[in-house]
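Letter by letter, the chains look like this.
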Amino acid sequence: MSSIATGYDLSASTYSPDGRVFQVEYANKAVENSGTAIAIRVKDGVVFAVEKVVTSKLLVPGANRRIQIIDRHIGMAMAGFLADGRHLAARARDEASNLRELYGPPTIRSVADRLGLYAQAYTLYSSVRPFGCSAIIGGYDKDGPALYCVEPSGVSYGYNGAAAGKGRTLAKNELEKLKFSELSTREAVYEAARIIHLVHDDAKEKDFELEMSWIGQESNFRFVPVPDDLFKDADQKARDALENFD
Amino acid sequence: MDHFPTNWGRPRNDLNDAYNTYPLHQRPYNGPKDTFADGVQRTQQPIVTGTSVLAIKYKDGVMMAADTLASYGSLARFKDIQRLHPVGSHTVLGAGGDMSDFQYIQTSLDTLLIEEEITQNDGHSLGPSEIHEYLKFLMYGRRSKFDPLWNSIIVGGVKDGRSFLGYVDLLGVTYEAKTLATGYGAYIAQPLLRDAVEEREGQENSITEEEARKILETSMRVLFYRDARSLNKYQVATITAAGISISESQHLSTEWSFAEGIRGYGAQTQ
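Naming follows an unreviewed UniProt entry, where chain B appears as Proteasome subunit beta of Schizopora paradoxa. Here is the UniProt Function (unreviewed entry) comment for chain B, exactly as written: "Non-catalytic component of the proteasome."

As annotated in an unreviewed UniProt entry, chain A carries the name Proteasome subunit alpha type and comes from Schizopora paradoxa.

Right under this line is the structure:
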């Protein structure tokens, strides 16, 4: 990047002459290095899936979850620095609990908005760095299923299908082919598993764990991990599809 | 921005304060003042109240009963209030005393559950004894601030094959027993419950669901006859290994023909 060593990237509180904040762009780089996280919003629910790269064979399977539960009906997947993501999740829980205390069960939008405000505040001061993490936050509230993505810059947009991390471009391509208004939540689980397996680059990383959570009719409108039997089936079908594909 | 120039202090002097660090950022407060801040009065009495809750252990777990009345003093103000409240998937609370305090307790336990059980999702869940312990500290803490939550609460549940039945009240007093009753029921119904259970001394675990239901119904009927703050509509909660079920409100059949023969009250001419 030609902007390096110009001095405009030393602080999140400094613009470059052409109006960019480099620290925020570097934060996006941190997100791009991480395993892919996707979420699909369909007519009656939301499905999350994450490609969790296993950094060491010594790790206990299931450690370092990258999909977190925010409230009964809200969940969050993270791409980027896990530690930053966990901090954002903790903050999202606080916001959700605060909104619940004042107004009853919070909408996904209100929590995503507040999380956006929080992330944005970390782009204003020289004493802090922006979050190296994108938070995909979704759930099912009184208005139905909802899905948002909060980026390091603090923007929070709503999506039908969201993707962040290494394989986001390919994943977005695949997501665009889905018919969100026709899929059931159960079908979306298979699609999500397929996309994560497809996006995973065997040549670069050896090992990864698939992590999936969902909310919808079948989960009783609670945000929970996808049940074991469905998970195993979706995982297997995704592997099979990939082998036929090659 | 502080818009009161009188609060801005003296202009800074480069000689003795080059970096504008003095005075510290503390200024007179010009906001609204709470005139009554030092005239606080704490809860002195309950307002809208529920009466007794009864509970016994039986073969499959715990059974609990409470009527659906919330009184305003001696007025039967609300006649369809549920006083049995599920907490998580192993526990039911039954409360007598102030209903608004009970609703507050319900909300705070809901928050606790989201924090400790839902978002952690680590396979651990709060059982009846944990909820009881938590309420013990909550109630005792509040009474120590001279601001009690004006309730007597029965906590019942089953977890890991063990049934639990405990009591906690506005003073922070707790105990566990095979049969429990709060309020007026502690005087009128508790002996009946004990009789029914002690009959089976050493084999309490043999009381069937049907028998337990019968015991509670009889006691609720006696309470309706004797307790002027009670109602002939009540609900029964059963907590077993299979889960929680709280019944629809059911009607108590009563017999009043004997009243004809009573002499000594009112304006009979004998």
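Once you've had a look at it, read on.
*Asks:* Would you mind going over the side chain of N232 of chain B with me for this structure?
*Replies:* Residue and element names in this part refer to chain B. Positionally, N232 belongs in the loop between helix 5 (209–226) and strand 12 (233–240). N232 sits in the buried class, given a relative accessible area of 19%. A distance of 3.5 Å separates polar atoms of two side chains, one belonging to N232 and the other to H251. Residues in contact with N232, not counting those within four places in the same chain, are F224, Q250, H251 and L252.

*Asks:* Quick question: what am I supposed to make of the interface of chain A and chain B here?
*Replies:* For interface size, the figure often reported is the accessible area lost on association. Between chain A and chain B, the residue contacts involve 7 residues of the former and 6 residues of the latter. When chain A packs against chain B, the two sides together hide about 660 Å² of surface, and 57% of this comes from carbon and sulfur. Per-residue buried area on chain A facing chain B is highest for I69, R72 and R100 of chain A; these three make up 62% of the total on that side. Our enumeration of links across chain A and chain B arrives at 2 salt bridges. The interface formed by chain A and chain B includes 1 residue pair in polar contact (both at pLDDT 80 or more). Of all the secondary structure elements, the ones that give two or more residues to the side of chain A that touches chain B are strand 3 (67–71) and helix 2 (82–103) of chain A. Ranked by residue count, the leading element in the side of chain A that touches chain B is strand 3 of chain A, at 3 residues. Classifying every residue of the side of chain A that touches chain B by side-chain character gives 3 nonpolar, no polar and 4 charged.

*Asks:* I would appreciate a short explanation of the pattern of salt bridges in the present structure.
*Replies:* In a structure, side chains of opposite charge can pair up when their charged atoms sit close to one another. All names here are of chain A. Within this structure, the stated rule accounts for 28 salt bridges over all chains. A salt bridge links K52 to E209; its shortest N-O distance comes to 3.2 Å. Taken together, the residues span a long stretch of sequence, with K52 in strand 2 (residues 45–53) and E209 in strand 9 (residues 208–216) at a distance of 157 residues. By relative accessible area, E209 is classed as partly exposed at 24%. Salt bridges here are not isolated pairs; linked through shared partners, they connect K52, R65, E209 and E211.

*Asks:* Would you explain the environment of I188 of chain B in this entry?
*Replies:* Residues and elements named next belong to chain B. Tracing the sequence through the fold places I188 in helix 3 (residues 185–188). Owing to a relative accessible area of 23%, I188 belongs among the partly exposed residues under this scheme. Between the C-alpha atom of I188 and that of E248, which follows or precedes it by 60 residues, the distance is 25 Å. Residues within four places of I188 in sequence aside, it is in contact with V222, L223 and R226.

*Asks:* Even after reading the chapter, I still don't get the packing of aromatic side chains, so can you show me in this structure?
*Replies:* Any pair of aromatic rings gets described here by the distance separating the centres and the angle formed by the planes. All names here are of chain A. Going through the model one piece at a time under the given rule, you end up with 11 aromatic pairs over all chains. Seen from their ring centres, F22 and Y26 are 6.4 Å apart, and the 20° between their planes marks the pair as stacked. Within this pair, F22 and its partner Y26 are both found in helix 1 (residues 22–32), separated by 4 residues, close to a single helical turn. A relative accessible area of 2% means that F22 is categorised as buried.

*Asks:* What is the right way to read the sheet that holds strand 4 (residues 74–80) of chain A from this model?
*Replies:* All names here are of chain A. Strands sit in the order 3-4-5-6-7 across an open sheet of 5 strands; the sheet is antiparallel. At either margin of the open sheet sits one strand with a lone partner, and together these are strand 3 and strand 7 (156–158). For this sheet, the mean inter-axis angle between neighbouring strands, taken without regard to orientation, is 25°. Direction of pairing for strand 4 relative to strand 5 (residues 133–141): antiparallel, over a ladder of 7 bridges. Within strand 5, the position partnered with M76 by the bridge is I137. Here helix 2 sits on the sheet in contact with strand 3, strand 4 and strand 5, set at roughly 15° to strand 3.

Rules of the game
Residues numbered from 1 in each chain as written. Chains lettered and ligands numbered in written order. Predicted model: local features only at pLDDT ≥ 70, side-chain atom pairs only at ≥ 80, totals over all residues. Heavy atoms only, no water. UniProt positions renumbered as here; feature names shortened; annotations may be inferred. Helix = DSSP H or I, 4+ residues; strand = E, 2+ residues; numbered from the N terminus. Buried < 20%, exposed > 50% of the residue type's maximum accessible area, 1.4 Å probe, protein only. Polar contact = N/O pair within 3.5 Å; in protein donor to acceptor, adjacent residues only side chain to side chain. Contact = heavy atoms within 4.5 Å. Buried area = accessible area lost by both parts, 1.4 Å probe. Salt bridge = Lys/Arg side-chain N within 4 Å of Asp/Glu carboxyl O. Nonpolar A, V, L, I, M, F, W, Y, C, P; charged D, E, K, R; others polar. Phe/Tyr/Trp six-rings, centres within 6.5 Å; stacked < 30°, edge-to-face > 60°. Pairing = 2+ DSSP bridges. Axes fitted to C-alpha atoms, helices over the stretch in contact; angles between N-to-C directions.

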